[in-house]
Amino acid sequence: MGRNKTKDMVYVSICSVLMAVCSWISIPAAVPFTLQTMGVFTVVGILGGEKGTLSVLVYLLLGAVGLPVFAGFSGGIGALMGTTGGYLFGFLFSALLMWGMERVWGRSRKVLILSMILGLLVCYAIGTAWFMMVYTRTVEPVSLPTVLGWCVIPFIVPDCIKIVVAVLLSERVRKVIFQ
C-alpha cells in the first residue's frame, strides 16, 4: 500500500473518532445540544469532500455495528432506526453535498461556508422527515410545526455557531496538516 493511501486511511480514521468525541460532548443549554454537526462539518472541511464523506460513512458504520459513537454514548441499529436516526443519515448527505459543491466550485472559504449551511439544511430536512415518520408510526401522528419546534428551531443558533467554529477550525487544521 502506498504511503499516501496509508496516510489517508489514518486521517479518515482519526476524523471518524473526532466525530464520535464531538457527539459525546453535550453542551447544557435551555435545550442541550452536542457537537456532532460541528464534527461532521469540521471533518469534511479538513479532509475535503471525498475523504471527509468516507470518514462520515466510517463513523456511521461504527455506530451501526454497536460501538457507542453517537450522542449519549449510543450505538447500534436501534439508534439509526429511532426517531433521531434521520439526522445521523443526514450527516452523510450533508457530507455528500459538501463534496459535490467542492468538486464544482472548489475549496474556497465562501464555498465551504455555503456548503455547510446547505448541508445543515439537508440534515434538518432528512432528519425531520425521518422523525415524523418514525414518531407517527411508533407513538402518534405529529405535525411538521411541532417537529420543527422540537428538533430544528431550538438548534438553529447553536448550529450556526458550530458552523463558524467548524470553518475556522478546519481551515487552521488543514493548513497545519496539508501545507
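See the structure shown above.
Residues numbered from 1 in each chain as written. Predicted model: local features only at pLDDT ≥ 70, side-chain atom pairs only at ≥ 80, totals over all residues. Heavy atoms only, no water.

Re the packing of aromatic side chains
Scanning all chains against the criterion turns up seven aromatic pairs. When the centroid spacing of 5.4 Å and the interplanar angle of 50° are considered together, the rings of Phe89 and Trp130 count as tilted. With Phe89 in helix H5 (residues 85-105) and Trp130 in helix H6 (residues 109-138), the pair connects residues that are 41 residues apart, well separated along the chain. You can call Phe89 partly exposed: its relative accessible area is 24%. Through successive ring pairs, a cluster of aromatic residues spans Phe131, Tyr135 and Trp150. (Phe/Tyr/Trp six-rings, centres within 6.5 Å; stacked < 30°, edge-to-face > 60°. Helix = DSSP H or I, 4+ residues; strand = E, 2+ residues; numbered from the N terminus. Buried < 20%, exposed > 50% of the residue type's maximum accessible area, 1.4 Å probe, protein only.)

Details of the pattern of salt bridges
Side chains carrying opposite charge are able to pair once their charged atoms draw close together. By the definition in use, this model includes three salt bridges. Among the salt bridges present, the one from Arg107 reaches Glu102, with a minimum N-O distance of 3.7 Å. Among the residues examined, Arg107 registers a relative accessible area of 37% and is labelled partly exposed. Between Arg109 and Glu171 there is a salt bridge, with its nearest N and O atoms 2.7 Å apart. Linking Arg109 in helix H6 with Glu171 in helix H8 (residues 156-178), this pair joins segments that are 62 residues apart in sequence. (Salt bridge = Lys/Arg side-chain N within 4 Å of Asp/Glu carboxyl O.)

Some remarks on the packing of helix H1 (residues 3-24) against helix H3 (residues 49-64)
Between H1 and H3, whose axes approach to 8 Å, the crossing angle comes to 55°. Relative to H3, the element H1 is oriented oblique. For the pair H1 and H3, the crossing hand works out as right-handed. Residue-level contacts link Asp8, Val12, Cys15, Ser16, Met19, Ala20 and Ser23 of H1 to Lys51, Leu54, Ser55, Val56, Val58, Tyr59 and Leu62 of H3. A per-class count over the contact of H1 with H3 returns nine nonpolar, three polar and two charged. (Axes fitted to C-alpha atoms, helices over the stretch in contact; angles between N-to-C directions. Parallel < 35°, antiparallel > 145°, perpendicular 65-115°, else oblique. Left-handed = near helix turned anticlockwise from the far one by under 90°. Contact = heavy atoms within 4.5 Å. Nonpolar A, V, L, I, M, F, W, Y, C, P; charged D, E, K, R; others polar.)

Considering empty space enclosed by the protein
Per the stated rule, a full pass over the model turns up one cavity of 30 Å³ or more. Approximately 90 Å³ is the volume found for the largest cavity. Put simply, the parts of the chain that give the lining of the largest cavity at least two residues each are helix H2 (36-47), H5 and H6. At three residues, H6 tops the list of elements feeding residues into the lining of the largest cavity. Here the lining of the largest cavity is built from residues that sort into four nonpolar, five polar and three charged. (1 Å grid on protein atoms, 1.4 Å probe; cavity = no way out; pocket = protein on both sides within 12 Å on 5 of 7 lines; lining within 4 Å. Points joined across faces, edges and corners; volume = space filled by probe spheres on them.)

Quick word on a nonpolar patch on the surface
Residues Ile153, Ile156, Val157, Ile161, Val165 and Leu169 make up a contiguous nonpolar surface patch of about 520 Å² in total accessible area. Relative to the elements of secondary structure, Leu169 occurs in helix H8. (Patch = residues over 30% accessible without salt bridge, like charges linked within 9 Å, V, L, I, M, F, W, Y side chains within 5 Å. Areas by Shrake-Rupley, 256 points an atom, 1.4 Å probe, with all protein chains shown as cover.)

Remarks on H8
The end-to-end C-alpha separation of H8 is 32 Å, in line with the 33 Å expected for 23 residues at 1.5 Å each. For H8, the full list of buried residues reads Pro158, Asp159, Lys162, Ile163, Ala166, Val167, Ser170, Glu171 and Arg174. On the buried face of H8, the contacting elements are strand E2 (33-34), H2 and H6. (Expected span 1.5 Å × (residues − 1).)

Structural notes on the nonpolar core
By size, the foremost hydrophobic cluster in this structure holds 43 residues, and its most contacted members are Phe41, Val56, Tyr59, Leu60, Phe70 and Met116. Of all the elements in the fold, those that place two or more residues in this core are H1, H2, H3, helix H4 (77-81), H5, H6, helix H7 (144-151) and H8. In contact with Phe70, other than residues within four places in its own chain, are Ser23, Trp24, Gln36, Tyr59, Leu60, Gly63, Ala64, Gly75, Gly76, Ala79, Leu80 and Leu88. (Core = buried A, V, L, I, M, F, W, Y, C linked by side-chain atoms within 4.5 Å.)

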